[in-house]
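Observations on the three-dimensional arrangement
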Amino acid sequence: MPQADPGPPDAHDGGAEPLLRVRDLTVAFTQRHRPDLVAVDRLDLDVPAGSTVGLVGESGSGKSVTSLAVMGLLPRRGVRTGGSVRFAGRELLGLPPADLRAVRGKDIAMVFQDPMTCLNPVLSIGVQVTEVLRRHQDLPRGQARDRAAHLLGRVGIPDPARRLGEYPHQLSGGMRQRALIAIALACRPRLLIADEPTTALDVTIQAQILALLRELVSDTGTALLLITHDLGIVAGTCDTVHVMYAGRIVESAPREPLFADPAHPYTAGLLSSVPRLDAPRGKRLVPVPGSPTDVLPWAGACAFAPRCPRTDSPCTDRAPHELAEGPRTLRCHRPLSAFPPEPPATAPAPAPEGHGTGRGGIV
Amino acid sequence: MSRLLQVRDLRVHFPIVRGILRDRVVGHVRAVDGVDLDLDRGTTYGLVGESGCGKSTLGRAVLRLVEPTGGTVEFNGQDLATVDRHELRRTRRRMQMVFQDPMASLDPRQSVRSALVEPLRTHDIPAGPGGWDRRVRELLDVVGLPAGAARRYPHEFSGGQRQRIGIARAIALQPDLVIADEPVSSLDVSVQAQVINLLQDLQSALGLTYLVIAHDLAVVRHVSDLIGVMYLGTLVEQAPADHLYQAPLHPYTLSLMSAIPIPDPAVEATRERILLTGDLPSPADPPPGCRFHTRCPLRRDTRCHDEVPALREILPGHHVACHWARAPQRNAPDGPGDALPVAGAPSQV
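So, here is what we can say about the structure in this document.

Conventions adopted
Residues numbered from 1 in each chain as written. Chains lettered and ligands numbered in written order. Predicted model: local features only at pLDDT ≥ 70, side-chain atom pairs only at ≥ 80, totals over all residues. Helix = DSSP H or I, 4+ residues; strand = E, 2+ residues; numbered from the N terminus. Rg over C-alpha atoms; globule rule 2.2 N^0.38 Å. Buried ≥ 20, exposed ≤ 12 C-beta atoms within 10 Å, placed from the backbone. Contact = placed C-beta atoms within 7 Å. Pairing = 2+ DSSP bridges. Axes fitted to C-alpha atoms, helices over the stretch in contact; angles between N-to-C directions. Nonpolar A, V, L, I, M, F, W, Y, C, P; charged D, E, K, R; others polar. Core = buried A, V, L, I, M, F, W, Y, C linked by C-beta atoms within 7 Å. Expected span 1.5 Å × (residues − 1). Parallel < 35°, antiparallel > 145°, perpendicular 65-115°, else oblique. Left-handed = near helix turned anticlockwise from the far one by under 90°.

Check the secondary structure of chain B and you find 13 helices and 12 strands. Relative to the 2.2 N^0.38 estimate, which gives 20 Å for 349 residues, the radius of gyration of chain B is 22 Å and therefore close to what a compact globule would have. In terms of overall dimensions, chain B has C-alpha extents of about 70 × 60 × 40 Å along its principal axes. Expressed as a percentage of its 349 residues, the buried residues of chain B come to 46%. For chain B, the share of sequence-separated contacts (at least 6 apart) that also reach a separation of at least 24 residues comes to 63%.

To continue, consider the overall build of chain A. A tally of helices and strands in chain A yields 14 helices and 12 strands. Relative to its 363 residues, chain A shows a buried fraction of 48%. Restricting the contact set of chain A to residue pairs at least 6 apart, pairs at least 24 apart contribute 63%.

We now examine the sheet that holds strand β3 (residues 52–56) of chain A. Residue and element names in this part refer to chain A. Taken in spatial order, the 8 strands make up an open sheet running β6-β7-β8-β3-β9-β10-β12-β11, and their pairing is mixed. The sheet is open, and its two edges are formed by β6 (108–111) and β11 (323–325), each paired on a single side. Sheet twist, expressed as the mean angle between neighbouring strand axes with direction ignored, is 20 degrees. Of the strand pairs in this sheet, β11 and strand β12 (residues 328–330) are connected by 3 bridges, and their pairing is antiparallel.

A separate point is the interface of chain A and chain B. Across the contact, 42 residues belong to chain A and 41 residues belong to chain B. When contributions to the side of chain A that touches chain B are tallied by element, the ones reaching two or more residues are α8 (203–220), α9 (231–237), α10 (255–260) and α11 (265–273) of chain A. Take the side of chain A that touches chain B: its biggest share by element is 6 residues, from α8 of chain A. The class makeup of the residues in the side of chain A that touches chain B is 19 nonpolar, 14 polar and 9 charged.

So, on to the nonpolar core. Counting residues in each nonpolar core, the largest one holds 198 residues, and the members touching the most others are A179, A182 and L191 of chain A together with L211 of chain B. Element by element, the count of residues in this core is highest for helix α7 (residues 173–185) of chain A, at 8 residues. Excluding its chain neighbours within four sequence positions, the residues that come into contact with L211 of chain B are L39, Y45, L47, G59, V62, L177 and I179 of chain B.

A few words now on the environment of G54 of chain A. Residues and elements named next belong to chain A. The residue G54 is located in strand β3 in this model. A residue is classified by how many C-beta atoms lie within 10 Å of it, and G54, with 25 of them, is buried. For the pair G54 and C238, spaced 184 residues apart in sequence, the C-alpha to C-alpha distance is 5.6 Å. When sequence neighbours within four positions are dropped, the list of residues in contact with G54 reads L226, T228, V234, T237, C238, V241 and H242.

The subject of this paragraph is the pairing of β3 of chain A. Residues in a regular strand point their side chains to alternate faces of the sheet. All names here are of chain A. Among the 5 residues that make up β3, 5 are buried, leaving the element largely enclosed by the rest of the structure. The alternating pattern of β3 places T52, G54 and V56 and V53 and L55 on opposite faces, both of which are buried. Pairing analysis gives 5 bridges linking β3 to strand β8 (residues 223–228), with the strands arranged parallel. Bridged to V53 within β8 is L225. Sheet topology note: the β3/strand β9 (residues 240–245) ladder contains 4 bridges and is parallel.

To continue, consider the pairing of strand β6 (residues 95–98) of chain B. Residues and elements named next belong to chain B. Across the two faces of β6 the burial is the same, with M95 and M97 and Q96 and V98 all buried. Pairing of β6 with strand β7 (residues 177–181), which is carried by 4 bridges, proceeds in the parallel orientation. Within the sheet, the bridge partner assigned to V98 lies in β7 and is A180.

Attention now moves to helix α10 (residues 251–259) of chain B. A large share of α10 of chain B lies buried, amounting to 9 of its 9 residues. Along α10 of chain B, the residues classified as buried are P251, Y252, T253, L254, S255, L256, M257, S258 and A259 of chain B.

Residue and element names in this part refer to chain A. Taken together, the 4 strands give an open sheet; going across it, the order is β2-β1-β4-β5, and neighbouring strands pair in antiparallel fashion. Looking at the sheet topology across the chains shown, the edges are occupied by β2 (34–47) and β5 (90–91). Bridge count for strand β1 (residues 20–31) against strand β4 (residues 79–87) is 8 bridges, and the pairing is antiparallel. If you follow V27 over to β4, its bridge partner there is T81.

Here α7 of chain A is 13 residues long and its end C-alpha atoms lie 18 Å apart, about the 18 Å a rise of 1.5 Å per residue gives. Within α7 of chain A, 13 of the 13 residues are buried, which leaves it mostly tucked inside the rest of the structure.

Okay, the packing of helix α6 (residues 159–171) of chain B against helix α7 (residues 189–206) of chain B next. Residue and element names in this part refer to chain B. Following both chains from N to C, one finds α6 and α7 inclined at 20 degrees, their axes separated by 10 Å at the closest point. One finds that α6 runs roughly parallel with respect to α7. The element α6 and its partner α7 pack so that their crossing is right-handed. Across from G159, G160, Q163, R164, I167 and I171 in α6, the residues of α7 making contact are V191, Q194, V195, L198, L202 and L206.

Quick look at the structure:
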């Protein structure tokens, strides 16, 4: 596959390297008697220290596989991983398992979607929290236990000392997710990857967990990579948003311009297909036609073309290159607004008050 | 508009049994505990609440898929609690259900044609000219699937298409009432809107009446005429959809709405969140007095703890079960001294 559009890895990194720097990440699952399934396709992603970055996509877009690849948690057999994942200047891909274990859980921690399947049902919460502390910080048992109780209190679990002796099934869903966050934060990681951290929870509990994550990010300076399918969560949490489709990032932008002025038809489609609590009622929703499984291979076309309302001849003929303009990038032949935008038109980025009308082309 | 469904004081209590040799009932989970609900023909009633609040049980109890402990369900003027099995089966033809997970509610080894014909056969509907195939084609066409889908099996479809099959099966008998339990929550975001639009199209084309059960208040508000908010087995607020958003009067509704993320950074940055503390109490041992008082930010001693608030009509069509709820002052200037911040809801959200 030619096309060296994003340039060689170190081409446009002016100045300091971000905390996490993913370049050209490719993850392919090998299949018997069939061509490989490319789940992540030459993905570039930066997470600067202390920032919150959102990775948005539907099922099958490759967002979870991306996080697993960053953490080195993909199985070794049947998976081809290529590209580069640099964390604090150190290449993680291809690191020996022992070295990776020293980073994982200490500098990079992860919170998963379903807290019930991530906690060991036969070990008490206390054992699971202290395990990380004893492994990475070599704390003696008593100290680790005190610190674990402190951590549980920190994430809002009432009566933490007693909870240490309880088992996952004795906690509610929200409490389990808090325990998981406490484990993730035990060693004060520099990067926290949260993969759909609230999908299994009720909205009132979701609000509690998101508030907790926001607070932790601002208090400790931990960078957060938030993976979700819910644009509403992103709107309230993330500084930068990447929208993924079929293994590639199709649009990246800071939060405000992305919501006020989405350039990719898929981003706009996602925004127009969810009913909004604050929108006037009675308006028909504008769905994205088809389903996330209707994709073309990126090699010869735009993967979104079968579902795109703006598909034209170039869309099915060749894959769109990634265009960059300041902090925004876009991968589309037929963007909703001129890209890169003309300087006078959108430069001041006025407060997004007319989001409903702003993307009149698709709504 | 004629009344299609009238539910009065519906209660569903599940016994908690302990014991090794002989089962001993040690308590009851009060999944649904005294709910009144009226549904007019051709309208949509949306039932929202968090998991465990009893909303799904309520839906199933209306169809008598679970046996109610008490109360009455009148469908078309007929009390379902008293009808015998044969009569119940005949009545069920007029009320159908769409389930949350279409993969689980469709038989993986049954073709789509067979799944759609089964309800027709069960209820002895004559095949008519053109036979079943014609009816199957019509049904598939109505829900937007190609005629070729009839020969295929559930695993060959995407999530959205499967839900369309589930909907086609529900409307095969031309029911009056369709109960949709979380019809879109298992679907991808971009596909949810397709199914929501389909449900709305079918309603206007076939004159269906919906009881939509969902946890997502934004979805429920979009499709419903009337919304009921459930908490621990009881309705805490019921209002027309627009009214509920503009002027929620129950503190639980208020916090529920403030917890729903809105995909707009400008709104997210300015809106005030009312974070509830703690989790849903156990429905086996609901708190005394107002069931919400353990988490309520506006709790007052000692009435909330002692007295169960009744569902009162505070504005026309707007019912609230809270001791302190008052109509917004511009509409009813009667209780200015007592008005709580709840009344000024729109400015808070």
